[in-house]
Amino acid sequence: MSSLVLVTGGTGTLGRRVVDRLQRAGRPVRVLSRHAPAEGRGSGVEHVIGDLSGGSGVVAALDGVGTVVHCAGSATGDEAKTQQLVRAATDAGGPHLVLISVVGADRLPVETAVDRALFGYFAAKGRAERVVAESGLPWSTVRATQFHQSLLAMVRTMTRMPIVPVPAGWRFQPVDAGEVADRLVELALGPPAGLVPDVAGPEVHAMTDLLRGYLAATGRRRPLLPVPLPG
């Protein structure tokens, strides 16, 4: 119960919550991130600067680690970064690797150029899942839906336009980032579980409803234009 836990992406929306919960559980935590933490943050947490893209700092970050919670993610390069982490973890003795993925990574068809532009992140997460599952490391993976924070950023950006194009048929089932962090920590503190059930919020929302709700809450008006998308 006292082994060191490494959190990649530990300064992000999800990673910060994971680090906080691990500390409250009494676990020593090390964070791997590309930048040093802001002054005054991260009390009691060891920080290692490293880059999963090129591999710098990753081997040092894994020294003495018993569990890795892999929260670092991006729209591109997710598979390669996970491969880099798996190689270093294998050389470090094979810690338990806990991965956060996205609901739909295993079943959303990404075949055309339009698919790749809109949903390439899902395909990359699916490939990262396979890298972990085939790594030979002890592993656990959980898929989650979009965070409320992510959808808020999306609708803020969309409603800056005078006419808001609305992808027809898009629906979301957003979840609180804290609940996903709870599940990741539960997995990190337990034995390897493989692929576990998805984590999602309790309600499904159409994109149109999310936009209308945001506009009403901010006291603005925008015409919404439904746009059917190919792919």
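Cut-offs used in this document
- Residues numbered from 1 in each chain as written.
- Predicted model: local features only at pLDDT ≥ 70, side-chain atom pairs only at ≥ 80, totals over all residues.
- Heavy atoms only, no water.
- Helix = DSSP H or I, 4+ residues; strand = E, 2+ residues; numbered from the N terminus.
- Buried < 20%, exposed > 50% of the residue type's maximum accessible area, 1.4 Å probe, protein only.
- Contact = heavy atoms within 4.5 Å.
- Areas by Shrake-Rupley, 256 points an atom, 1.4 Å probe, with all protein chains shown as cover.
- Salt bridge = Lys/Arg side-chain N within 4 Å of Asp/Glu carboxyl O.
- Pairing = 2+ DSSP bridges.
- Polar contact = N/O pair within 3.5 Å; in protein donor to acceptor, adjacent residues only side chain to side chain.
- Axes fitted to C-alpha atoms, helices over the stretch in contact; angles between N-to-C directions.
- Parallel < 35°, antiparallel > 145°, perpendicular 65-115°, else oblique.
- Left-handed = near helix turned anticlockwise from the far one by under 90°.
- Nonpolar A, V, L, I, M, F, W, Y, C, P; charged D, E, K, R; others polar.
- Bend = angle between axes of the 7 residues up to and from the residue.

Caption draft 1: Highlighting the overall build of the chain. Secondary structure assignment for the chain yields seven helices and 11 strands. Principal-axis analysis of the C-alpha atoms gives the chain an extent of 55 × 40 × 30 Å. The 231 residues of the chain split such that 42% are buried. Excluding contacts between residues fewer than 6 apart, the proportion of contacts in the chain whose partners are at least 24 apart in sequence is 74%. A total of about 11700 Å² of accessible surface is found on the chain, and carbon and sulfur atoms cover 53% of it.

Caption draft 2: Representation of the pattern of salt bridges within the structure. Taken as a whole and assessed by the stated rule, the structure comprises nine salt bridges. The partner of D182 in a salt bridge is R21, with the nearest N and O atoms 2.5 Å apart. On the criterion of sequence distance, the pair formed by D182 in helix 6 (residues 177-189) and R21 in helix 1 (residues 13-24) is long-range, its members being 161 residues apart. A salt bridge links E186 to R183, with the shortest nitrogen-to-oxygen separation between them at 2.9 Å. A residue pair is termed a helical-turn pair when its members lie 3 or 4 positions apart in one helix, as E186 and R183 do in helix 6 at three residues. Judged by relative accessible area, which is 23%, R183 ranks as partly exposed. Because the salt bridges share partners, they merge into one network encompassing D106, R107, E129 and R143.

Caption draft 3: Structural context of the pairing of strand 4 (residues 65-70). Buried residues dominate strand 4, accounting for five of its six residues. Taken together, the five bridges between strand 1 (residues 4-8) and strand 4 define a ladder with parallel strand orientation. By the bridge assignment, L6 is partnered in strand 4 with V68. Bridging between strand 4 and strand 5 (residues 96-102) involves four bridges; their strand directions are parallel. Along strand 5, the bridge assignment pairs H70 with L99.

Caption draft 4: Quick look at the side chain of H96. As for its placement among the helices and strands, H96 is situated in strand 5. Among the polar contacts listed, one links the side chain of H96 to the side chain of S140, at a separation of 2.8 Å. If we skip the residues at most four places from it in the chain, H96 touches G66, T67, V68, P138, W139, S140, L187, A188, G190, P191 and P192.

Caption draft 5: Summary view of the sheet that holds strand 9 (residues 194-195). Sheet architecture is open: seven strands sit in the order 3-2-1-4-5-6-9, paired in parallel fashion. Edge positions in the sheet fall to strand 3 (46-49) and strand 9, since each of these pairs with one other strand and no more. Pairing analysis gives two bridges linking strand 6 (residues 139-144) to strand 9, with the strands arranged parallel. Along strand 9, the bridge assignment pairs T141 with L195. Across the sheet, helix 1 lies against strand 1, strand 2 (29-33), strand 4 and strand 5, angled at about 170° from strand 1, the strand it touches most. Its contacts with the sheet place helix 3 (residues 78-91) against strand 1, strand 4 and strand 5, and it is angled at close to 175° to strand 4.

Caption draft 6: A look at the packing of helix 1 against helix 6. Interhelical geometry of helix 1 versus helix 6 gives an angle of 50° and a closest axis separation of 9 Å. Relative to helix 6, helix 1 is oriented oblique. The crossing of helix 1 and helix 6 is right-handed. Touching T13, L14, R17, V18, R21 and L22 of helix 1 are A177, G178, V180, A181, D182, L184, V185 and L189, all from helix 6. Here the residues of the contact of helix 1 with helix 6 sort into nine nonpolar, two polar and three charged.

Caption draft 7: Representation of helix 4 (residues 113-133) in the model. Of all the bends in helix 4, the greatest measures close to 80° and is centred on F119. For helix 4, the set of buried residues is D115, F122, A123, A124, K125, G126, A128, E129, V131 and V132. In this structure, the buried side of helix 4 is in contact with helix 3, strand 5 and strand 6.

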